[in-house]
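For reference, the chains in residue letters:
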Amino acid sequence: MKSTSITNHEKIFFETGKDSSGKEFMLTEKIVPIKGSNQVMPYTHCRLKNGDTSFYYIEKNVKTQIVLHFTVGYLKGDIAALSRNNVHISTPFVIARNGKIINLWSSAYWSYHLGKDAVGGNTNGSKRTIGIEISNIGFLKRIGDKLVTVYSDNDVYCNINDKQFYTKLDIPYRGEQYFATYTTKQYSSLLLLLRYLTSEYNIPGKFLPTHKRFVTGVQNELVNFKGIVSHANYRSSGKWDIGPAFDWEKIAQKDTLI
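Treat the numbers as computed from the prediction; the structure is a model and nothing was measured. (Residues numbered from 1 in each chain as written. Predicted model: local features only at pLDDT ≥ 70, side-chain atom pairs only at ≥ 80, totals over all residues. Heavy atoms only, no water.)

Digging into helix H4 (residues 184–200)
An α-helix turns once every 3.6 residues. As a result, residues three or four positions apart point the same way. Basically, it comes down to this: Only DSSP runs of H or I with at least four residues qualify as helices, and only runs of E with at least two residues qualify as strands; both kinds are numbered from the N terminus onward. A helix is expected to span 1.5 Å multiplied by its residue count minus one. The buried label goes to any residue with under 20% of its type's maximum accessible area, the exposed label to any with over 50%, and the partly exposed label to all in between, with areas taken from a 1.4 Å probe on protein chains only.
The first and last C-alpha atoms of H4 sit 24 Å apart over 17 residues, in line with the 24 Å expected at 1.5 Å per residue. Burial analysis of H4 places 12 of its 17 residues in the buried class, which makes it a mostly covered element. Buried within H4 we find Gln 186, Tyr 187, Ser 189, Leu 190, Leu 191, Leu 192, Leu 193, Leu 194, Tyr 196, Leu 197, Thr 198 and Ser 199. One or two residues past the end of H4 sits Asn 202, with phi positive at roughly 55°.

Here it is as structure tokens:
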């Protein structure tokens, strides 16, 4: 999908409540206060019309970390993938490119989101962490003057001259150099969501030091860290989220939330 088509793609989801697989959701706009501040967080309460809750576990655990992901997709497909019947791979939050924070289920519960061979174990890690997915297609491949997605050499995302839609890293990250950019609204909403979650669950608003922020962590250090990490900290290969193409300075200052 072309980057210029994403706005309309997301508009259709919010108008119809239908994901790419045809599942229908009830969408309700809500606001929640952020503890210890005068701020509030607007979000979209998103629940399946058929009442299905089989993609997460209604079980509460102490939360010690927040893990940042990107979806490698577009919003309707993102929602479809994170709400598959009896497939317990999901996150409670998705941030659309228009900045809307979508809540699929209570962040007090859990679902698998770190993946097989995650440092410290997928089950234990997924139980004690809260996953946030940012809707973003991820890395791009250059073919001539075009940048295409991981899905097909014919799936053109943008042209090489459309520099507002991608970031080119000086040093490739895990073998990839071109990555789709995030929107200003996504950064703003992510910061608000992080403030909400850290205050709600008493999680320190801390990040790993810059040199450790997107490398796979040593087990004890990573598992015992209380704060905000990236998916790549848990996986040594096959994952690029959420790496150096993300503008960390928009949400972090001196390894803490802005």
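A look at the pairing of strand E7 (residues 139–143)
Stated precisely, the cut-off is as follows: Pairing between two strands requires that DSSP report at least two bridges joining them.
The pairing of E7 with strand E11 (residues 176–180) spans two bridges and is classified as antiparallel. Counted as the bridge partner of Leu 140 is Tyr 178 from E11. Taken together, the three bridges between E7 and strand E8 (residues 146–148) define a ladder with antiparallel strand orientation. Bridged to Lys 141 within E8 is Val 148. Counted between consecutive antiparallel strands, the loop separating E7 from E8 contains two residues, among which Gly 144 sits at a positive phi close to 65°.

Looking at the side chain of Arg 128
Note the cut-off: Charge counting treats Lys and Arg as positive and Asp and Glu as negative, with His and both chain ends excluded. A side-chain nitrogen of Lys or Arg and a carboxyl oxygen of Asp or Glu constitute a salt bridge if their distance falls within 4 Å. What makes two residues a contact is simply this: any of their non-hydrogen atoms within 4.5 Å.
Tracing the backbone through its elements, the reader meets Arg 128 in helix H3 (residues 122–128). Despite its burial, Arg 128 pairs with no opposite charge, the nearest such side chain being Glu 221 at 12 Å. The contact partners of Arg 128, leaving out residues within four places of it in the chain, are Val 62, Lys 63, Thr 64, Gln 65, Val 223 and Tyr 234.

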